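Notes for the structure review
For reference, the chains in residue letters:
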Amino acid sequence: MEGQNLFSISFDSEEDLECIIEGRPWLFRKFLILFDRLRSPMERDQICLNSSPYWIHIGPCPPELDRKDLLHAIGCTFGGVLRSEISDDLCRLRVNLDVQKPLRRAYALHNDYREFYRKLWRSDIPGKIKIFIWKLSWNYLSTQVNLHCRKIAPNGVCLRCQNGEETMNHLFRDCLVSIAVWRELEGSFTCLCTASEFLVRTFCITLWAIWGDRNSRIHDKTNRSSKEMVNFVHGYIKELDGVKSGQQITSQKLMKW
Ligand SMILES: [Zn+2]
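Residues numbered from 1 in each chain as written. Predicted model: local features only at pLDDT ≥ 70, side-chain atom pairs only at ≥ 80, totals over all residues.

Considering the overall build of the protein chain
- Scanning the protein chain from N- to C-terminus turns up nine helices and five strands.
- Reading the secondary structure of the protein chain in the N-to-C direction produces α-β-β-β-α-β-β-α-α-α-α-α-α-α.
- Relative to its full complement of 257 residues, the protein chain shows a buried share of 18%.
- Pairs at least 24 residues apart make up 58% of the contacts formed inside the protein chain by residues separated by at least 6 positions. (Helix = DSSP H or I, 4+ residues; strand = E, 2+ residues; numbered from the N terminus. Buried ≥ 20, exposed ≤ 12 C-beta atoms within 10 Å, placed from the backbone. Contact = placed C-beta atoms within 7 Å.)

In structure tokens:
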């Protein structure tokens, strides 16, 4: 024992050691145990265990999305892909996760989100919105925080309210503008896994509308009210349904003809 919560383990065989290292991360009674290989003697306070390789399973990938774009997006999000395996429409990526940061639910590491994605790909919304949601879930949108990380923006402050950093959660959930939109919709940011396909569709279109409004506010200095945005969402859904029923009528007519 090297101290509280820090242990050194020596292995008799290199094979056993490789097995433990390859199997990372390890869980014990819901606690994450971090392993790293000590290649040379080191002072205890110099040992820094704050990241661990993780396998992330992705799939099925939307057909509209280029695999290379996807890998690039994920690589940027996690600071690089250690290893990737692609077979048919499934991808598996090994990334190094910073365990000091809370795992964002939107990273879709949980199985619960598989159902959400299944509904998303099946749902009746344009491909551009599906790709937008996909990018959002991988934190690949050009938020102020992400631009700041890439040294493109001087800071990560939200340009809509100037009151906090523009992270994904702030942008879509906590910013006053977004709060007003969700309130107007009487929706909830958390109703994902069990939501009906209709709710998933409304939810995704609302996120897309918030992002569009955010961009217009910043670049065109427009100022839509939450009511206007919600009307836009409802109008957009009606328009989609209109196109769909229009297609059905046309096909019925064709059948008759
Ligand atoms: Zn804000």
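There's more to say after this.
Description of the environment of isoleucine 210
- Its place among the elements puts isoleucine 210 in helix α8 (residues 197–219).
- What makes isoleucine 210 buried here is the crowd of 22 C-beta atoms within 10 Å.
- In this structure the C-alpha to C-alpha distance between isoleucine 210 and valine 230, which are 20 residues apart in sequence, comes to 9.6 Å.
- With sequence-adjacent residues up to four places away left out, isoleucine 210 is seen in contact with Phe172, Ser178 and Val181.

Observations concerning the environment of threonine 202
- For threonine 202, the location among the structural elements is in helix α8.
- Looking at threonine 202, the number of C-beta atoms within 10 Å reads 22, which means it is buried.
- Sequence-wise, threonine 202 and isoleucine 125 are 77 residues apart; in three dimensions their C-alpha atoms are separated by 9.5 Å.

Observations regarding the packing of helix α4 (residues 127–137) against α8
- Their axes nearest at 10 Å, the elements α4 and α8 cross at an angle of 80 degrees. As judged from the angle between their axes, α4 and α8 are roughly perpendicular. Contacts between α4 and α8 involve Ile129, Phe132, Ile133 and Leu136 from the first element and Cys204, Ile205, Leu207, Trp208 and Trp211 from the second.
- The class makeup of the residues in the contact of α4 with α8 is nine nonpolar, no polar and no charged. (Axes fitted to C-alpha atoms, helices over the stretch in contact; angles between N-to-C directions. Parallel < 35°, antiparallel > 145°, perpendicular 65-115°, else oblique. Nonpolar A, V, L, I, M, F, W, Y, C, P; charged D, E, K, R; others polar.)

Description of the nonpolar core
- In terms of nonpolar packing, the biggest core is built from 26 residues, with Leu120, Ile129, Ile133, Cys204, Ile205, Leu207 and Trp208 touching the most fellow members.
- If you list the elements that add at least two residues to this core, you get α3 (112–122), α4, α6 (168–174), α8 and α9 (226–256).
- It is α8 that contributes the most residues to this core, eight residues altogether.
- Beyond its immediate sequence surroundings of up to four residues, isoleucine 129 is in contact with Cys204, Ile205 and Trp208. (Core = buried A, V, L, I, M, F, W, Y, C linked by C-beta atoms within 7 Å.)

Concerning the environment of glycine 164
- Relative to the elements of secondary structure, glycine 164 occurs in the loop between α5 (144–149) and α6.
- For glycine 164, a count of 15 C-beta atoms within 10 Å puts it in the partly exposed group.
- Here the alpha-carbon distance between glycine 164 and aspartate 174, two residues 10 residues apart in the chain, equals 9.3 Å.

Points about the confidence of the model for the protein chain
- Per-chain confidence: the protein chain averages 77 in pLDDT, with 73% of residues scoring 70 or above.
- For residues 249–257, every residue scores under 50 in pLDDT, and the model assigns this stretch zero contacts once sequence neighbours within four places are set aside. (pLDDT = per-residue confidence, 0-100.)

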